Amino acid sequence: MRRTALFAALALGIAGVPASAQEKLTVYTYESFTSEWGPGPVVEKAFEAECGCDLEFVSVADGVALLNRLRLEGEGTEADIVLGLDTNLTYEAKETGLFAPHGIDPGNINVPGGFEDDIFVPYDYGYFAFVYDTEALKNPPESLHDLVEAGDDLKIAIQDPRTSTPGLGLLLWMKAVYGDQAAEAWGKLKDNVLTVTPGWSESYGLFTNGEVPMVLSYTTSPAYHEIADGTERYKAASFSEGHYLQVEVAARTVKAKDKALAERFLSFMTGPGFQDAIPETNWMFPAGKTSAPLDPAFDKLVQPARTLMFSSQEVAENRKAWVDEWLSVMSR
């Protein structure tokens, strides 16, 4: 989200270059990416310095909302780049016909299990987890089963799978562990859910404000609190069944006004100018090349006993039915 348009215009005026002469790249993404503490401002400054262009972010609540917006706008979208979908949505996104092959060298990319795709380029990855406050919860659940069976004494905040990629991640996590018994498990977990928020930011804010002792987030979230807040108060619960993997991606739209500039951004995204910002602003693992090792706080994080992940096609074929199942249980 552009917060420095006036200053940029003034700077261009001083340089004798009219703002209208600048190339402009419009990137759709999610709100936490563009927040003042997110990677957006760092990425914007670094890319504009390299390209001499105007990078404009347009944000929505969360990753699933990005796909929903693209579908509504169709070929009339203003997006040149969409950044913030994940691999649970890439099959559906391809089916819209709104994305184009990237045409860049993915040699910098390194994510668990590998990644090959001619349209989507990963920029970070992480594992979903329930993060808890050690001062409010002395004996956290040690498995998803323990959480489901915890009873209503333990309150949690989660996100809506219709609008949020973490919310969708939990839906898939439950399916991966419980299979055909997922509806029954949701019926038990429902008593624990204090609230379901549209996106991650709202529920995590409730957690840090002390309104719930546990929240759906990522194994990497405790690194933020240790590095930024200087506290190890917040931990991620390690679940014996394993944790669901999320790989976040970006792609160029077929309607991108400047194909070369869009591809230049995607290539930039895999290198240090972008990737160095990921660990300590987006609080995920970098999917590309960084210029330095991660802070030692990342070495203390939960190491999943098992990586859980459905294929993008399997998610696409079942997402509506699984969301409907979730809605049916949660609305009772």
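Read on for a plain summary of the structure. Just so we're clear, the structure is a prediction, and the values are computed from it rather than from any experiment.

**Concerning the overall build of the protein**
- Each helix and strand in the protein was counted, giving 14 helices and twelve strands.
- Compactness check: the protein gives a C-alpha radius of gyration of 20 Å against a globular reference of 20 Å for 332 residues, within 12% of the reference.
- For the protein, the spread of C-alpha atoms along the principal axes amounts to about 65 × 45 × 35 Å.
- For the protein, the separation between the mean place of its 26 positive charges and that of its 49 negative charges on side chains is 3 Å.

**Some details on helix α10 (residues 221-229)**
- The set of residues buried in α10 consists of S221, P222, A223 and H225.
- Where α10 is buried, its residues contact β5 (121-133), α9 (200-208), β8 (214-218) and β9 (234-236).
- G230 sits one or two positions beyond α10 and adopts a positive phi of about 70°.

**Some points on the nonpolar core**
- Counting 104 residues, the largest nonpolar core has W186 and F265 as its most contacted members.
- If one sorts the elements of this core by residue count, β5 sits on top with nine residues.
- Contact partners of F265, with chain neighbours within four places excluded, come to L25, V43, F47, L55, I81, L83 and F274.

**A few points about the packing of aromatic side chains**
- Under the counting rule described, the total for this entry stands at 26 aromatic pairs.
- With a centroid separation of 5.2 Å and 35° between ring planes, the pair formed by F128 and Y218 is classed as tilted. Of this pair, F128 sits in strand β5 while Y218 sits in strand β8; the two residues are 90 residues apart in sequence, bridging distant segments of the chain. Across this residue pair, the class does not change: F128 and Y218 are buried.
- An aromatic cluster is defined as three or more aromatic residues linked by ring pairs; in this entry it consists of Y30, F33, F47, F57, Y123, F265, F268 and F274.

**Overview of the state of the cysteines**
- On inspection of all chains with the given rule, the structure shows one disulfide.
- The side chain of C51 participates in a disulfide bridge whose partner is C53; the two sulfur atoms lie 1.9 Å from each other. Handedness of the C51-C53 disulfide follows from its S-S torsion of about -75°: it is left-handed.

**A word on the pattern of salt bridges**
- In the structure shown here, the tally under the stated rule is 17 salt bridges.
- A salt bridge links K300 to E226, with the nearest nitrogen and oxygen atoms 2.6 Å apart. With K300 in the loop between β11 (285-286) and β12 (307-308) and E226 in helix α10, the pair connects residues that are 74 residues apart, well separated along the chain.
- For K320, the salt bridge is made with D324, and the minimal N-O distance between the two is 2.9 Å. Remark: D324 and K320 occur in helix α14 (residues 312-330); sequence separation between them is four residues, near one turn of the helix.
- The exposure class assigned to K320 is exposed, which follows from its relative accessible area of 62%.
- Judged by relative accessible area, D324 falls into the partly exposed class, the value being 35%.

**What about the side chain of E263?**
- Within the element layout of this structure, E263 appears in helix α11 (residues 259-269).
- Sequence-distant contacts of E263, defined by excluding residues within four places in its chain, comprise P101, H102, G103, I104 and R252.

**Some points on the packing of helix α8 (residues 182-189) against α14**
- Interaxial distance between α8 and α14 falls to 9 Å at its minimum, and their mutual angle equals 35°. Judged by the sense of rotation from one axis to the other, the crossing of α8 with α14 is right-handed. Across the interface between the two elements, A182, A183, W186 and G187 of α8 pack against E325, W326, V329 and M330 of α14.
- Classifying every residue of the contact of α8 with α14 by side-chain character gives six nonpolar, one polar and one charged.

Definitions and limits used
- Numbering of residues begins from 1 in every chain and follows the order in which that chain's sequence is written.
- Per-residue local features of the predicted model are confined to residues with pLDDT of at least 70, and side-chain atom pairs are confined, for both listing and counting, to 80 or more; whole-chain, interface and lining totals are unaffected and use all residues.
- Processing note: side-chain calculations cover all non-hydrogen atoms of the structure and skip hydrogens and water entirely.
- A run of DSSP states H or I qualifies as a helix once it reaches four residues; a run of E qualifies as a strand once it reaches two. Both are numbered from the N-terminal end.
- With C-alpha atoms as the basis for the radius of gyration, the globule rule is written as 2.2 Å multiplied by the number of residues raised to the power 0.38.
- A residue counts as positive if it is Lys or Arg and as negative if it is Asp or Glu; His and the chain ends are not included.
- For this purpose, a charge sits on NZ of Lys, CZ of Arg, CG of Asp or CD of Glu.
- Per-residue accessibility, obtained with a 1.4 Å probe over protein chains only, is compared with the maximum for each type, and a residue is labelled buried under 20%, exposed over 50%, and partly exposed between these values.
- Only heavy atoms matter for contacts: two residues are in contact if any of them lie within 4.5 Å across the pair.
- Working definition of a nonpolar core: buried Ala, Val, Leu, Ile, Met, Phe, Trp, Tyr and Cys residues. They are joined through side-chain atoms within 4.5 Å.
- Pairing of aromatic rings covers Phe, Tyr and Trp, the last counted by its six-membered ring, and requires centre-to-centre distances within 6.5 Å; plane angles under 30 degrees mean stacked, over 60 mean edge-to-face, and any other angle means tilted.
- In this description, a disulfide is simply a cysteine sulfur pair whose atoms lie within 2.5 Å.
- When a carboxyl oxygen of Asp or Glu is within 4 Å of a side-chain nitrogen of Lys or Arg, the pair counts as a salt bridge.
- Interaxial angle, 0 to 180 degrees, is taken between N-to-C directions of lines fitted to C-alpha atoms, where a helix line uses only the stretch in contact.
- The handedness criterion is simple: a crossing whose near helix is rotated anticlockwise from the far helix by less than a right angle is left-handed, and one whose near helix is rotated clockwise is right-handed.
- Three residue categories are used. Nonpolar comprises Ala, Val, Leu, Ile, Met, Phe, Trp, Tyr, Cys and Pro, charged comprises Asp, Glu, Lys and Arg, and polar comprises the others, including Gly.

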